[in-house]
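Understanding the architecture of this molecule
Next come the chains, spelled out residue by residue.
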Amino acid sequence: MEEKRVLYCGIDVSKGRADAAVMTAGGRRLENPRLFMDTPEGRGAMAEWLKGWLKRTAATRLEIGLEPTGGYEVHWVRSLRGERWPTEVEVRLLPTTAVGAHRKATGQRTGTDATSAWSLAEFLRAFPGLQIPGLTPEERSLRSWVRRTEGLRKQERALSNELQQVLYETMPFVLPYFRDCPQWLLRLLAEYPTAAKLARARGAGAIPRAPREKVEALQHCARVQQAALPADGISARNVQELAEDLLSLHRRMDQQCRAIGEFVQEQQIGAEVVRWLLSVPRLGAYTAAVLYAELFTGGRRYG
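Everything numeric in this text was worked out from a predicted model, so none of it was measured.

1. A word on the sheet that holds strand 2 (residues 17-24)
- Taking strand neighbours across the sheet as the criterion, the 5 strands line up as 3-2-1-4-5 in an open arrangement whose pairing is mixed. Each having just a single partner strand, strand 3 (29-37) and strand 5 (88-93) make up the two edges of the open sheet. If you compare each strand with its neighbour and ignore which way they point, the axes differ by 20° on average.
- Where strand 2 lies against strand 3, 6 bridges are found, and the strand directions are antiparallel.

2. Description of helix 8 (residues 212-225)
- Taking 1.5 Å of rise per residue, the 14 residues of helix 8 would be expected to cover 20 Å, and the 20 Å separating its terminal C-alpha atoms lies within 8% of that figure.
- The complete set of buried residues in helix 8 reads V215, L218, Q219 and A222. The arc that holds every buried residue of helix 8, seen down its axis, measures 100°, which confines them to one face. Of the exposed residues in helix 8, those oriented more than 90 degrees away from the buried face are E213 and V224.

3. With respect to the environment of W184
- Of note, W184 is situated in helix 6 (residues 183-191).
- When the C-alpha positions of W184 and I207 are compared, they lie 6.5 Å apart, and in sequence the two are 23 residues distant.

4. Notes on the state of the cysteines
- A complete count under the given rule lists 0 disulfides for this structure.
- Take C181: it sits in no disulfide, and the sulfur closest to it among the cysteines is that of C257, at 15 Å.
- Since its relative accessible area comes to 8%, C181 is described here as buried.
- On the accessibility criterion, C257 (14% relative accessible area) is buried.

5. Digging into the pattern of salt bridges
- Using the criterion set out here, one finds 15 salt bridges in the structure.
- Linking E63 and R61 is a salt bridge whose minimum nitrogen-to-oxygen distance equals 3.1 Å.
- Among the residues examined, E63 registers a relative accessible area of 7% and is labelled buried.
- Here the residues in one salt-bridge network are R61, E63, E88, E90 and R92, joined through shared partners.

6. With respect to the packing of aromatic side chains
- Scanning the entire structure with this criterion turns up 4 aromatic pairs.
- Between the aromatic rings of F36 and W49, the centroid separation amounts to 5.5 Å while the plane-to-plane angle is 55°, which identifies the pairing as tilted. In this pair, F36 sits in strand 3 while W49 sits in helix 1 (residues 40-57), placing the two residues 13 residues apart along the sequence. Across this residue pair, the class does not change: F36 and W49 are buried.
- Ring plane angle 70° and centroid distance 5.7 Å describe the contact between W145 and F263, whose orientation is recorded as edge-to-face. A residue pair is termed long-range when its members are at least 10 positions apart, and W145 in helix 5 (residues 137-170) and F263 in helix 9 (residues 233-266) qualify at 118 residues.
- You can call F263 partly exposed: its relative accessible area is 32%.
- The ring of W85 carries K51 above its face, with NZ or CZ at 5.8 Å from the centroid.
- Looking at R56, its charged tip hangs above the ring of W53, at a distance of 4.1 Å from the centre.

7. Some thoughts on the packing of helix 5 against helix 9
- Running from amino to carboxyl end, helix 5 crosses helix 9 at an angle of 160°, the nearest separation of the two axes being 9 Å. By the angle between their directions, the pair helix 5 and helix 9 is classed as roughly antiparallel. With respect to the hand of their crossing, helix 5 and helix 9 are arranged in left-handed fashion.
- Grouping the constituent residues of the contact of helix 5 with helix 9 by class yields 19 nonpolar, 8 polar and 5 charged.

8. Side note on the nonpolar core
- Counting 35 residues, the largest nonpolar core has L163, F173, L188 and L189 as its most contacted members.
- Contributions of two or more residues to this core are made by helix 5, helix 6, helix 7 (195-200), helix 8 and helix 9.
- It is helix 9 that contributes the most residues to this core, 7 residues altogether.
- Look past the residues within four positions of L163 in its chain and what remains in contact with it is F178, L186, L189, V239, L242, A243 and L246.
- Membership of the second largest hydrophobic core comes to 25 residues, among which are A20, L50, V77 and V91.

Parameters and conventions
- Residues numbered from 1 in each chain as written.
- Predicted model: local features only at pLDDT ≥ 70, side-chain atom pairs only at ≥ 80, totals over all residues.
- Heavy atoms only, no water.
- Pairing = 2+ DSSP bridges.
- Helix = DSSP H or I, 4+ residues; strand = E, 2+ residues; numbered from the N terminus.
- Axes fitted to C-alpha atoms, helices over the stretch in contact; angles between N-to-C directions.
- Expected span 1.5 Å × (residues − 1).
- Buried < 20%, exposed > 50% of the residue type's maximum accessible area, 1.4 Å probe, protein only.
- Arc of directions from axis to C-beta.
- Disulfide = S-S within 2.5 Å.
- Salt bridge = Lys/Arg side-chain N within 4 Å of Asp/Glu carboxyl O.
- Phe/Tyr/Trp six-rings, centres within 6.5 Å; stacked < 30°, edge-to-face > 60°.
- Lys NZ or Arg CZ within 6 Å of the ring centre and 35° of its normal.
- Parallel < 35°, antiparallel > 145°, perpendicular 65-115°, else oblique.
- Left-handed = near helix turned anticlockwise from the far one by under 90°.
- Nonpolar A, V, L, I, M, F, W, Y, C, P; charged D, E, K, R; others polar.
- Core = buried A, V, L, I, M, F, W, Y, C linked by side-chain atoms within 4.5 Å.
- Contact = heavy atoms within 4.5 Å.

See the structure below:
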């Protein structure tokens, strides 16, 4: 196969549309970039446009390159790979970091989608065969589920930090017990959100899984310090609502983590890899699912 008979098509994908640019192996640009809509008709029109260029140039190979764009590239990749082509065609997902570095090194400007499409075509020419693994629909869904669940941890940290800031003013003696945000302490704060209420509480010892000695120590501190600490309604409400929000978030996280771990094992997703991960001592099903989703999907293997 002669290199001069290869065509390169860079496709800059955005929400609902894509700009495509075609270039020869020698770097000659063919026509201005063409805009296509992300619809069955638009994707079909792109395929016909590319077939037209294959015919006019008598090219024996077409290479198509796209960057991952948070899922907006999925329909384009599926459609182009499933198309009936008159010659050899390869659709490559290009590594965004490498594409950006190449643009910077070659002084390319990508102020518009059209110029970005040209730069992708240039990248295809410069780096034959370079691509990143594509995910199956099942792998993409699992990764989305995992990342959404991990996002809850960020919410937890933000709420925990906010609650600690409020407690610093209203009940500072609680902070030494706040490490790892224990649920018994959150339940205690939700029920007794001020030092005055905690000092007078008779049912504090009945909080589920609350260490009796720690509860007694907190109540002693509350009785000693309550006169010097704020006891206004707004502060109490802030403590109560933040504690309740954290408890609710903990329940949701536990449910999600358990559901993901069980689903991956029941459906035999990445069965060989997941079994290998679970053989690691003290590594749970959810952690194995996260590692698989982030490191092993798309056919990647480590070790």
